[in-house]
Structure formats: structure tokens, C-alpha cells
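Given next are the chains, with one letter for each unit.
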Amino acid sequence: MIAALRGKIFKKKLNSVLIDVNNVIYEIRVSVNTYSELKDNVFIYITEIIREDSYTLYGFVNEFEKKMFDTLIKINGVGPKVALAICSTFTPQTFASIVQTKNISALKQVPGIGPKSASRILVELGEFSVGEISAEDSAIPDAITALENLGFKKDAIIKALKDVKVTSTEEAVKLALKKLASF
């Protein structure tokens, strides 16, 4: 079992990366969040999914994102593609907040998730937390929605709100607008 890989980026693709580990090149599917954090030399946590017709590696630069992915793929009806889409849409902190507040509308923003799937995911996860990270920042999902309504791209919004600790949606929107103006 492969737990993690350390190597150099050989090539970046749209939703995956090729990593050279001692002249062996691994193709690893990654989320948008992981993709944006990749450097030339990389250490990446791995989840292997072995099926009858495929052997796929999924990689994460953050162990909390890996835990989120591993938890999601255990839910009936949520495969690796949908789990990776959720990881691409939300940081682990934001996702924990969505689960705690049972925010179905935020979860429906993920491509491939409708109202029934969103409800099932939230019910099955119950009190999801990613270890040290809890769902303290419940203002983040509402801020994401507000900023999207203002016309900002989700990738830019998530980048702007990354590692932001706030107590209200208004504060999150103000901080994100300042960061988005500097991009």
C-alpha cells in the first residue's frame, strides 16, 4: 500500500499530476486545492483505489483533505469523482462547517450533487470533523455564496478565504474582497 510519495513534478495535467519518484513516474489525481499548492518538489499523501478494471492514486498535500476524501468515498453513492469534486470545491474547514450547519445549498454547488445526494451526505456524515480542524467558521459557506453572487470565480474565492478565521459572514466577505482585489 502506498501511503505517500515524495518526488519531483514531472508534468501537471488538468486534474492530475505526474510525479517522478526515483525515475518511476506515478499519475495521481488531485483536487483543485492540492493542484494549486503543488511545488516542484512535492510530498503528497495517497489514497489508492483498486478496482477490477482500474488502479488509481488520489493525492493530497494536506492530511485533512485526505481524511475528508477517505470519509466521503465510504458514503453509499459517493464515488471518487464526486469526493474529489467536493475536495476541489471546499477546504476541509469549510466542509466541516457545511456538515455541522447542515447547509444543503452550499453542498449542492458541487458539480454532480443534487438535493437528494446533498441531504444523504449530510445525514450520513453526522458530526464530521477533520481532527484539529472543526467547523468553527460557519460563516465561510455563506460568504462563498455571496461572493459568487457578486460574480467572482469559486477558485479565486476559495483561495481568498483559505485559512481565514472569522466570526461572521460579513467579516469573511470583507476580508475576501480585500484579498480578491490584490489578485
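Throughout, residues of each chain are indexed from 1 in the direction in which the sequence is written. At least 70 in pLDDT is required for a residue's local features to be given in this predicted model, at least 80 for side-chain atom pairs to be given and counted, and no such filter applies to totals for whole chains, interfaces and linings, which use all residues. Each side-chain value is derived from all of the structure's non-hydrogen atoms; neither hydrogens nor water enter the calculation.

(A) Quick peek at the nonpolar core. Definition of nonpolar core: a set of buried residues of the types Ala, Val, Leu, Ile, Met, Phe, Trp, Tyr and Cys, connected through side-chain atoms within 4.5 Å. Each residue is assigned to one of three classes by its accessible area relative to the maximum for its type, calculated with a 1.4 Å probe on protein chains only: buried under 20%, partly exposed between the two thresholds, exposed over 50%. Counting 25 residues, the largest nonpolar core has Phe69, Leu72, Ile86, Phe95, Leu107 and Ile121 as the members making the most contacts within it. Looking at this core, the elements that each hand over two or more residues are strand E5 (55-60), helix H2 (63-72), helix H3 (80-89), helix H4 (92-101), helix H5 (104-107) and helix H6 (115-125). For this core, the element with the most residues is H3, which contributes five residues. Residue contacts for Leu107: discarding those within four places in its chain leaves Phe90, Phe95, Ile98, Ile113, Ala118, Ile121 and Leu122. Membership of the second largest hydrophobic core comes to 13 residues, among which are Ile19, Leu38, Val42 and Ile44. Every helix listed is a DSSP run of H or I at least four residues long, and every strand listed is a run of E at least two residues long, numbered separately from the N terminus. In this analysis, two residues are considered to be in contact whenever any of their non-hydrogen atoms come within 4.5 Å of each other.

(B) The layout of surface pockets, seen in detail. Throughout, the protein atoms alone are placed on a 1 Å grid, and a set of points is a cavity if a 1.4 Å probe fits but cannot get out or a pocket if it is open with protein on both sides within 12 Å along at least five of seven lines; lining residues have an atom within 4 Å of a point. Grid points are joined across faces, edges and corners, and a volume is the space filled by probe spheres set on the points. Space inside the largest pocket adds up to approximately 400 Å³. Taken together, 15 residues line the largest pocket, and the ones lying closest to its centre are Asn15, Val30, Leu84, Ala85 and Ser88. Those elements giving two or more residues to the lining of the largest pocket turn out to be strand E3 (24-30), helix H1 (32-37) and H3. When residue character is reported, Ala, Val, Leu, Ile, Met, Phe, Trp, Tyr, Cys and Pro are called nonpolar, Asp, Glu, Lys and Arg charged, and the others, Gly included, polar. Class assignment for the residues of the lining of the largest pocket results in 10 nonpolar, three polar and two charged. Taken as a whole, the second largest pocket holds about 220 Å³ of empty space. If you go around the second largest pocket, the residues you meet are Val32, Asn33, Tyr35, Ser36, Glu37, Ser88, Thr91, Asp155, Ile158, Lys159 and Lys162. Secondary structure elements with two or more residues in the lining of the second largest pocket: H1 and helix H8 (154-161). The dominant element in the lining of the second largest pocket, judged by the number of residues it contributes, is H1, at five residues. For the lining of the second largest pocket, the per-class residue count stands at three nonpolar, four polar and four charged.

(C) Fine view of the packing of aromatic side chains. Stacked, edge-to-face and tilted labels apply to pairs of Phe, Tyr and Trp rings (six-membered ring for Trp) whose centres lie within 6.5 Å, assigned for plane angles under 30 degrees, over 60, and everything in between, in that order. Counted according to the given criterion, the structure contains three aromatic pairs. With a centroid separation of 5.1 Å and 45° between ring planes, the pair formed by Phe60 and Phe69 is classed as tilted. Accessibility assignment for this pair places Phe60 and Phe69 in one class, buried. Taken together, the aromatic side chains of Tyr58, Phe60 and Phe69 make up a single cluster linked through ring pairs. The ring of Tyr35 has Lys12 sitting right over it, with the charged end atom 4.9 Å from the ring centre. Placement of a charge over a ring requires the Lys NZ or Arg CZ to be within 6 Å of the ring centre, with the centre-to-atom vector within 35 degrees of the ring normal.

Geometry only, nothing functional implied.
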